[in-house]
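# Report on the structure
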Amino acid sequence: MSQASSAGDKTSGKAPTLNIALHTRYWVRCLKTFLPTGYQEQDSSRLVLAFFILTSLDLLGGLETHTTPAERADYISFIYSCQHPGGGFRSFPGTDFGLQHATTPENARWDPASVAGTYFALGALAILGDDLSRVRRQETLDWIRNLQHPDGSFGDLAAGGKNATVDGGQDVRFCFLAVLVCAIVGEEQSASEAVGKCVDVDRLKQFILDSQTYDGGIARKPNCESHAGSTYCAISVLKLLDLLPTDAIPSLAENTNQVSPTFLQNLLHWLSHRQTTMLYDYRDTDIFDEEDDEEDHTSDTPGFAVINATPALPPSLLAFERMDLYSSDRPITAGLNGRVNKPADTCYSFWAGATLAILGHGNLIDRDANRRYLLDKTQHRIGGFGKFPGVPPDILHSALALACLAIHGEPGLKSVDPVFCVSKEVKARLDKVTWKRRD
Amino acid sequence: MNLTKINYEADEKWADVVPILQQEGENSLAQIAYTDEYSQATSYLRAVMASNEKSERAMELTEHIINMNPAHYTVWLYRADIIKTLSLNPVKELDKLEAISLNHPKNFQVWGYRQSIMSIIPTLPPKELSFLAKVLAKDAKNYHVWAYRQWLVEYFSLWPTSEGKGSELFFIDSLLTNDVRNNSAWNHRYFVLFGRNVESVMPLDIFTQEINYAMAKIDTAPQNASAWNYLKGILRKQKKGAKEVEHFALQYVSLEDESKIRSSHALDLLAEIWAGEASDKACQALDLLSNKYDPVRANYWQYRKSLIKAAQAA
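Residues numbered from 1 in each chain as written. Chains lettered and ligands numbered in written order. Predicted model: local features only at pLDDT ≥ 70, side-chain atom pairs only at ≥ 80, totals over all residues. Heavy atoms only, no water.

## A look at the overall build of chain A
The line we're drawing: Helix and strand definitions here come from DSSP, where helices need a minimum of 4 consecutive H or I residues and strands a minimum of 2 consecutive E residues; each element is numbered from the N-terminal end. Per-residue accessibility, obtained with a 1.4 Å probe over protein chains only, is compared with the maximum for each type, and a residue is labelled buried under 20%, exposed over 50%, and partly exposed between these values. Throughout, a residue-residue contact means that at least one pair of heavy atoms, one from each residue, lies within 4.5 Å. The method behind every accessible area is Shrake-Rupley, applied with a 1.4 Å probe, and residues are considered shielded solely by the protein chains displayed.
Secondary structure assignment for chain A yields 18 helices and eight strands. The buried share among the 439 residues of chain A stands at 65%. Sequence separation of at least 24 residues holds for 71% of the intrachain contacts in chain A that already meet a minimum separation of 6. Surface summary for chain A: the accessible area is close to 15,200 Å², and the carbon and sulfur share equals 50%.

This is the structure:
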């Protein structure tokens, strides 16, 4: 762990830059060559990986120039091959028994569609320019409806059919993904109407409000620890349901449907405190077990909001008490963490930063300090971004770093929709799919 | 069982099974360089799942795959179903899980699976809490483990009735003594004391006890956000304003003598306390945070100031 040195120390005042060509090469490699065997532990998240590869290359403006129409057609066929006959998409081809083996009531549970597979498949299809006309819309809506639990939360796995066994649940990530799917697949133009028609919105809202903890952040489910990934999912849902106030200064009169000013103020306090100068430099320390780090972002699936645990910091480093004192002429380098008293981690620049942007408060963090963290500290010389300074890049952290930079208007990147994590052009295509009613 | 070299094609035990190969076209997405061992084992897994076979050999196959890819979600569901169908001993299964839990502590599925196995055991197995302590010793902030532990507390009603050895409060206190900044432990403390649906069992002086606990911990590390957040959370739960702890916070702040400022969190809390009736002092505290004591959040502190100004104008 190190206190970040300023960009000035390192680059003699030179402003950090995003090397578009270098990152494009990284993503083309991810798209066109086999991912290393280390990714085998993410086999069940193939469509999640596919989505992040495609959206990153799209944000860099390189998708059409680095792929042929024939290749894109093959990618689209592959994604549709993961579509489940009962609605939704598998998140990888590995559970498919193939045409020769009939699905029976006995074996259906072993080949489910997943809520993560479904959103990321729809998003990836839209990025590739597909019109989604082959999506089994009605089956997918029925399948989503069946995923909701009585407490308002959603499971993540089920084979089709109204009475199929639902596995997983009590996790705001699945709520988020289910709502995104409804918003796309429903025929109503507004997301809140599309979601309201499909699922029980009141219970869903209550589940999310109950997941706010005593410190203002939001947990995976009620009573768990507040976490920036969960908070992103929760706030995205509230945004799509039109439950967030739009004024920067909350009005004194409470709208009974929207979240309360107290909810919001406690949340903003917690979110702004995610920014930290406490950085974890992989190169500085040997207490960090390499094996642990790899598992950090490889074994959490099929959801994508990876919960990153980090080994406890050594007491000797924690013992000191300091405040972030800086003289005003010295630039600060500060990333974001996912939980209180954890070091900065690249993906939380997105999870927490995007949440603030969705709330209309993207400027409550020091965006320059965050940009220096990403570009000076975790941007890798082979392209992509690592989880911590000195760590090799991986798909998830690289994609989220790019999306974060795009939210903050980085030159050379397309603008991004912070909720759907696709470029605004792609989002516009999703808004115009053929079945959307024109009001 | 030797997990490194299993060849199903050469094994007589599997001679009756026709493996189902994974189908995907040439230009698929996110293709992974699978090991031959993984490709072969998953092909046999698809075959036994398709025929819904529940057997000892299917158990062994699931274990083999879990060791190569613990995030394979249906393999865990399938394994749990085999255990239930064959009435295998769930406590023995927990013992088996120990190694994989320690080797893959951040895996999501292993903890959901543990919960489903534990659900068929009527009483808390004696080794469970010491096992969890062992996992938390490796990473005291492991999110999955804490979520599972909450479920365990609810399921076996492990709500603390004292602070004595063996109680949840005793365990939490030992973790906080080791690392007072362990936010997961603070959150668990809040959960075991206030997370229960039935509130009547809570002693009346619990709020005083917890306010004192938080204040004592703050005094050992005044710049620890976890303890301040806990203190504020208890005050909110009690539906009392933060005014009650103004005197306490002033131990770490002086607006007259800046050399006495020892905690940005104390400044933050005082700004909140003063926002209504002493807004000038509140703005002064927020400026100190912006300019000197927490400049990375300067925009946030200025936003807080704008809220005070807006309330005054209204």
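This is not the end of the story, as more comes after the structure.
## Description of the interface of chain B and chain A
Counted only if it meets this: In short, buried area is how much 1.4 Å probe accessible area vanishes from two parts on joining, totalled over both. Salt bridges, as used here, are contacts in which a Lys or Arg side-chain nitrogen is within 4 Å of a carboxyl oxygen on Asp or Glu. Polar contacts, as used here, are pairs of N or O atoms within 3.5 Å; protein pairs need one atom able to donate a hydrogen and one able to accept it. Residues neighboring in sequence count only if both atoms are side-chain atoms. Residues are grouped as follows: nonpolar covers Ala, Val, Leu, Ile, Met, Phe, Trp, Tyr, Cys and Pro; charged covers Asp, Glu, Lys and Arg; every other residue, Gly included, is treated as polar.
Taken together, the contact pairs 83 residues of chain B with 96 residues of chain A. Taken over both partners, the interface formed by chain B and chain A buries close to 8,000 Å², and the fraction arising from carbon and sulfur atoms is 56%. Sorting the residues of chain B by area buried against chain A places Leu 29, Tyr 73 and Tyr 143 of chain B first, and these three jointly supply 12% of that buried surface. Run the count over chain B and chain A and you get two salt bridges. Close ionic contact of Arg 46 of chain A with Glu 24 of chain B constitutes a salt bridge, the shortest N to O distance being 2.7 Å. On the surface where chain B and chain A come into contact, there are 37 residue pairs in polar contact (both at pLDDT 80 or more). Within the residue set of the side of chain B that touches chain A, elements represented by two or more residues are helix 1 (36-50), helix 3 (73-85), helix 7 (143-155), helix 9 (183-194), helix 11 (225-237), helix 13 (264-274), helix 14 (279-293) and helix 15 (298-313) of chain B. In terms of residue count, the dominant contributor to the side of chain B that touches chain A is helix 15 of chain B (eight residues). Considered class by class, the residues forming the side of chain B that touches chain A number 36 nonpolar, 30 polar and 17 charged.

## Here we look at the side chain of His 273 of chain A
Considering the arrangement of structural elements, one finds His 273 of chain A in the loop between helix 12 (261-272) and strand 4 (275-276). Residue classification places His 273 of chain A among the buried positions, given a relative accessible area of 13%. Reaching out from His 273 of chain A, the side chain makes a polar contact with the backbone oxygen of His 269 of chain A at a distance of 2.7 Å. With residues up to four places along the chain from it excluded, the contact list for His 273 of chain A reads Asn 337 of chain A together with Asp 268, Asp 294, Arg 297, Tyr 300 and Trp 301 of chain B.

## Observations regarding the confidence of the model for chain A
Residues and elements named next belong to chain A. Let me state the cut-off plainly: Per-residue confidence from the predictor is given as pLDDT, running between 0 and 100.
Per-residue confidence for chain A gives a mean pLDDT of 87, with 83% of residues at or over 70. Scored below 50 in pLDDT, residues 1-12 makes 34 contacts in the model with residues more than four places away or belonging to other chains. Low pLDDT, under 50, characterises residues 285-320; the predicted model gives this stretch 115 contacts beyond four residues in sequence or across chains.

## Regarding the packing of aromatic side chains
Selection criterion: The pairing test for Phe, Tyr and Trp rings, Trp by its six-membered ring, is centres within 6.5 Å, and the orientation test on the planes gives stacked under 30 degrees, edge-to-face over 60, and tilted for anything in between.
The final tally for this structure, using the stated rule, is 37 aromatic pairs over all chains. Both rings, one in Phe 51 of chain A and one in Tyr 119 of chain A, keep their centres 5.7 Å apart while their planes meet at 55°; by these two values the pair is tilted. Taken together, the residues Phe 51 of chain A in helix 3 (residues 46-59) and Tyr 119 of chain A in helix 6 (residues 115-127) connect sequence positions 68 residues apart. Both residues of the pair, Phe 51 of chain A and Tyr 119 of chain A, belong to the buried class. Consider the rings of Tyr 34 of chain B and Tyr 38 of chain B, whose centres lie 5.3 Å apart with planes at 40°: the pair is tilted.

## Considerations on helix 11 (residues 228-240) of chain A
What counts is decided by this rule: Multiplying 1.5 Å by the helix residue count minus one yields the expected span of that helix.
Taking 1.5 Å of rise per residue, 13 residues should cover 18 Å, and helix 11 of chain A covers 18 Å from first to last C-alpha, within 8% of that figure. Among the 13 residues that make up helix 11 of chain A, twelve are buried, leaving the element largely enclosed by the rest of the structure. Here helix 11 of chain A has its buried residues at Ala 228, Gly 229, Ser 230, Thr 231, Tyr 232, Cys 233, Ala 234, Ile 235, Ser 236, Val 237, Leu 238 and Leu 240 of chain A. Contacts made by the buried residues of helix 11 of chain A are with helix 8 (172-185), helix 9 (191-198), helix 10 (201-210), helix 12 and helix 15 (346-358) of chain A together with helix 7 of chain B. One or two steps after helix 11 of chain A, the chain reaches Asp 242 of chain A, where phi turns positive at roughly 60°.

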